[in-house]
Each structure stands twice: as C-alpha cells, then as structure tokens.
Amino acid sequence: MNSTSTLSVWQQLKNREITCEEALRWLVDEEGTVTLSLLDVEVSYRFLREFPDRSTLPPLLPLLLWQNCFYLGCPVPVSLDTIRRLSDRTFTNIKIIPVTDKSYTTWYRTQNIDANRLSSQPFINPLTGEHEQENISEITRELLAKAVDQIGRIKTIISGALRNRASDIHLEPTTDGLRIRYRIDGILRDITLLPPEISRRAIVALKVMADMDIAESRRPQDARIGDKYTSGSESDLGLDMRVSTLPCVGGEKAVIRLLPRENPFAGMDELGFSDRTLTIYKGWLKQPQGMIIFTGPTGSGKTSTLYTSLQTVATEYVNVVTVEDPVEYILPRITQTQVHELAGMTFAAGLRAILRQDPDIIMLGEIRDHETAETAFRAALTGHLVLTTLHTNDAASAIPRLKDIGPDPGLISDALLGIVAQRLVRKVCPHCAVPYTPTEFDLKLLGIHPDQAKPEEWRVGKGCARCFHSGYSGREAIIELLDVDDTLRQIIYEGTMTQMYRYLAESGFESFRMAAIAKVTHGITTIQEVLRVLPHSAMSRRSVNLS
Ligand SMILES: [Zn+2]
C-alpha cells in the first residue's frame, strides 16, 4: 500500500469518513492481527512522547486517538493500576485492544530500525527479551516496506545480510523484478523480490553509493566502498564492500561482497584442524624458514586459514609482507601489497621487491609461473618463511603441480615444510540437532568398520528457524595435512607418485578421508555434507588407509 496516496485510518476517522468502530475493525481483525500499513505515525508519536522511559511501559501499540481516548493494542493483559497511570500521564482515557504477539513485535521492530544505518545487530524480541529467530525473507520485506528511498532499501538489504552472517548479496534482474539473494554458509538463498518498477532504480542507487558511472550500463564495473555498521553494543565497526556489476539480459546484475574490517577470523583452534594436525601445523609456523602451501578451490576457506595464520605470526619481532591479488582484508602489523599487472606489479616483481625489504615472513597470493616459483623457493631456503597457495584438488597433487611449474625438484624437496588442503563443510545446527543412527550404507560410504563408527555420536539437523531450515549453521574446514619428513623429502626429490601414495598410506597421513570420518563420527557434520564438498577421489582412494 502506498502511504502517500492513501489516508491512514486515523485521518479518515478525523475526516469523519468512517466511524471509530469501523476504524478499529480495519486496524485489528478478529484474531488480533494489526494491519500495520494503515497505522498513523502521528498517533504513536503523540502517545510515546509522554513516556521518555519506555522500559516501564507494558508492550503497547498505539492504534487511534479519538475523542480524548487512546486506543492501544496490547498482546498481554494490562492491570487497572497501569491503565490509571497511563491515563494520568496522557490526560486521556485509555482503551486496551488485544492484539497478537506477532503484530506487536513486527510493529516494534519497524519502530526501532534506522534504514539509513547499517547494522548487524540481531533482533531482540521485545516480549521475551530473547534473540529473535528471524525469518529473513519476511523481515526483509517488512523493513523494505519502511525504507523511504532507494539508498535506504540497499542499506536495509545490506543490514539483513550482516545480521544473517551472509558473505555476498546478489541483485539479479528478472522479468518479475529484482531478485535479492544472500550467500549464507556458502549457499545462496532467495530473500525477496523487489517490484519491477523499482529494480532499475535500486541498481542505480547502489552504483551511486559505489561511485560508479551510472550512465554506463553496457560494460562491467567494479568498485570498493567503505562504510560503518553497528554490532551488539559496538557501533562504528568498519565494513568494506566490493561491488561489481555485469550487464545481462534484462538489465544489470550486481553482486556485493561484504568484508567486515574487524578481524573476521576465528582463532587458530576454531578453523577445523584436528588436535594432531594443529600441533604439526603450528610447528611449521614456528620454523625460521621454509615453504607452506595451501591448496583448495575458491571458497574452500584457504584465505581464512592463511590470514589467521599470518595474524598469529605477525609479532613486533618480525617483518611480515604480502603480495596479494586482491588484498581482501587489511591486517594489523602486516605490510600488504597488491598485484597490478598493468603497472608491472606482478607476483614475480612484487616478490623481488619484497625480498629487498628485509622480510621474515612472506605471503605470496599465488604461484602461477616458473620465475615466481623459483624465486619463492629460493627465498624459503634463505631464512624466510614463505606461505603461498596453489589450485589443486588435494595435498598430494600439489607435488606434481609444483614440478610442472618447474623449479628444481631439489629446491622443492629442501624447502617444503608441508601442504594444507582444505574444504569447508557446514556444521550441524546446534539448535535442532538430533541423534542419527548410521546405516550400513553410510559406513560403506565412509569405508569404516562398525567398531570405528561411534554411532551414538552421529547427528543431523532437523531444520529450525535459526538455520533457515537447512539443518546446518556455520562452517569449518576439513583439512588434509601433508607433513614433509625426511622420507617424503627423498621421494619428492627422486621418487614417483605411486611411491609417495604408498608411503603416505603407511605413515598415517591425515587425509581428507580421515578428517571426514572424524567430523562425521563426532557429529560435527553429516555424510551428505562431506560428499558434497570433498573431491570424489578423496573418499574412494582406499590405498590411503586409516592408520
Ligand atoms: Zn537449526
């Protein structure tokens, strides 16, 4: 309903177009549901201004002011004493109309939101004082209806994403309107659809916010914007957003990547390492020199592991420098540089420049070519700890990949401390987890004996409002760790992949399969989730066995 062209029920009552009984019937139906769009803010204002401290008030929703009487909606019984107190303060009569909890909380929420401020603050239910289990789509629609302009709409959408720990927002033109989707725990979800008549304007507003060329809609654009947001009791937390647009059928699609500036990284202990792999991994980070390689596709969480590790090692005693493409998060105590191919700042050039800057620890975004690889490995043998990434399916495949890129195998075997391969799995939602008894087929999928299965610890999520009915909440990494010992060094130098796999099988290598078994049999995640994210080879390669 368009509030500017339609009079509120209160206005119509004042114009004597309707009676007070009719007005109340329109506002509150027989079940106590309030049609919020028909309310008049002036009524709320006049009532609430008499009560600067609202904490002493029962939950009241001002409906009408008529003939010196306030008609107030309330989801709970109100005592005569309280009614007298309200009456004394407002110098009016008071009539209480029963309304539903939901009407009251919905009204309360729209009263207490500032569409022009970004906020990740979860909603508190005013009746129970508890965190509200949010139905994102419903609430987003409610709040969008309150936004007065396009910028307010975009900010409402961004706040919703922050509240629901989304990493990306997609705005996609369709014939039905602008579809808004959030990526939460790695999976996209439909949130709402903006009407077709404002689709284009919403995209233009976003382009204005991002300082893009709004006259240009035929070529892709990208920009970075900074803003502040509120979270819990803290206000003014920094937020970086990378906005990109892409011309497509039906208009322009925009994607906003949210990058909260306040250290989004958990501690090392929360990344998903097992006790054993964490001990080994921390050992590598304490080495004065050597190379650590992180592998996994985009979205496997390797950046989080890498940044968390850098934060752990960046003390006052060392110089930590990075070459990245692009710099995703700004980290304290670290000099971060960005690749700029056109300006000649390639990974190789950046690395050479860094080496003249007396570094102790170097993070190299990616190794793609022979020259960078050679320089990086030499640095790792001459007093520098080098961390870098490769795109391979698992830890062991990083070895042939490195040999393909071409540094001397002797350099690789001497410098390499180890390889971390990872994938992110969603964790079973703690709010709706129930025990699950594994079937024979489940055990076969994992390739384990019933004795190893710990069937009493398996869990699945039934689905609840807090996990958007997915049964999962939050993610952690499944980690495969290849620790380079003397035997492996020898095999890397002059052996074959077959020899390597045989040795790994014998030496209790922490493979993806072992890590997956541990997570499923401890009820952290499910078999379906493990099969969804792990490369197929990981579960079928039985040559790498349980120790
Ligand atoms: Zn749940």
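Residues numbered from 1 in each chain as written. Predicted model: local features only at pLDDT ≥ 70, side-chain atom pairs only at ≥ 80, totals over all residues. Heavy atoms only, no water.

(A) How the structure looks around the coordination of the zinc ion. Within the protein, the zinc ion binds to Cys-429 (SG), Cys-432 (SG), Cys-464 (SG) and Cys-467 (SG); these donor distances fall in the range 2.3 Å. Considering all four donor atoms around the zinc ion, angles at the metal cover 106 to 113 degrees and the coordination shape is tetrahedral. Sequence positions of the donors to the zinc ion reduce to the motif C-x2-C-x31-C-x2-C. In this pair, Cys-432 sits in the loop between strand 16 (416-428) and strand 17 (433-435) while Cys-467 sits in the loop between strand 18 (459-461) and strand 19 (472-483), placing the two residues 35 residues apart along the sequence. Grouping residues by exposure puts Cys-432 and Cys-467 together as buried. (Donors = N, O, S within 2.8 Å, 3.2 Å for Na, K, Ca; no water. Tetrahedral: all angles 85-135°; square planar, octahedral: opposite > 155°, others 65-115°. Helix = DSSP H or I, 4+ residues; strand = E, 2+ residues; numbered from the N terminus. Buried < 20%, exposed > 50% of the residue type's maximum accessible area, 1.4 Å probe, protein only.)

(B) Just the packing of helix 7 (residues 150-163) against helix 8 (residues 196-209), in detail. Interhelical geometry of helix 7 versus helix 8 gives an angle of 80 degrees and a closest axis separation of 8 Å. Our classification of the angle between helix 7 and helix 8 gives roughly perpendicular. Counted together, Gln-150, Ile-151, Arg-153, Ile-154, Lys-155 and Ile-158 of helix 7 and Ile-198, Arg-201, Ala-202, Ala-205, Leu-206 and Met-209 of helix 8 form the full contact between these two elements. (Axes fitted to C-alpha atoms, helices over the stretch in contact; angles between N-to-C directions. Parallel < 35°, antiparallel > 145°, perpendicular 65-115°, else oblique. Contact = heavy atoms within 4.5 Å.)

(C) The arrangement of helix 13 (residues 398-405) in detail. All of the buried residues in helix 13 are Ala-398, Ile-399, Leu-402 and Ile-405. Axial view of helix 13: buried residues confined to an arc of 120 degrees, hence all on one face. Once helix 13 finishes, Gly-406 follows within two positions and takes phi at roughly 110 degrees, a positive value. (Arc of directions from axis to C-beta.)

(D) Just the pattern of salt bridges, in detail. Overall, the coordinates contain 24 salt bridges when judged by the stated rule. Note that Asp-168 is salt-bridged to Arg-257, the shortest N-O span being 2.9 Å. Highlighted residues: Asp-168 in strand 5 (residues 166-174) and Arg-257 in strand 10 (residues 251-260), separated in sequence by 89 residues. Residue classification places Arg-257 among the partly exposed residues on the basis of a relative accessible area of 31%. When the shortest N-O distance is used, the salt bridge between Arg-218 and Glu-216 registers 4.0 Å. (Salt bridge = Lys/Arg side-chain N within 4 Å of Asp/Glu carboxyl O.)

(E) Spatial organisation of the environment of Ala-210. Inspection of the secondary structure assignment puts Ala-210 in the loop between helix 8 and strand 8 (221-231). Given a relative accessible area of 3%, Ala-210 falls into the buried group. Through-space distance from the C-alpha of Ala-210 to that of Lys-403 is 43 Å; in sequence the pair is 193 residues apart.

(F) Layout of the pairing of strand 16. Here strand 16 lies mainly inside the structure; 12 of its 13 residues are buried. Sheet topology note: the strand 16/strand 19 ladder contains 10 bridges and is antiparallel. Residue Ala-421 lies in a different strand from strand 19, and its bridge partner there is Glu-480. (Pairing = 2+ DSSP bridges.)

The values are spatial; any link to function lies outside them.
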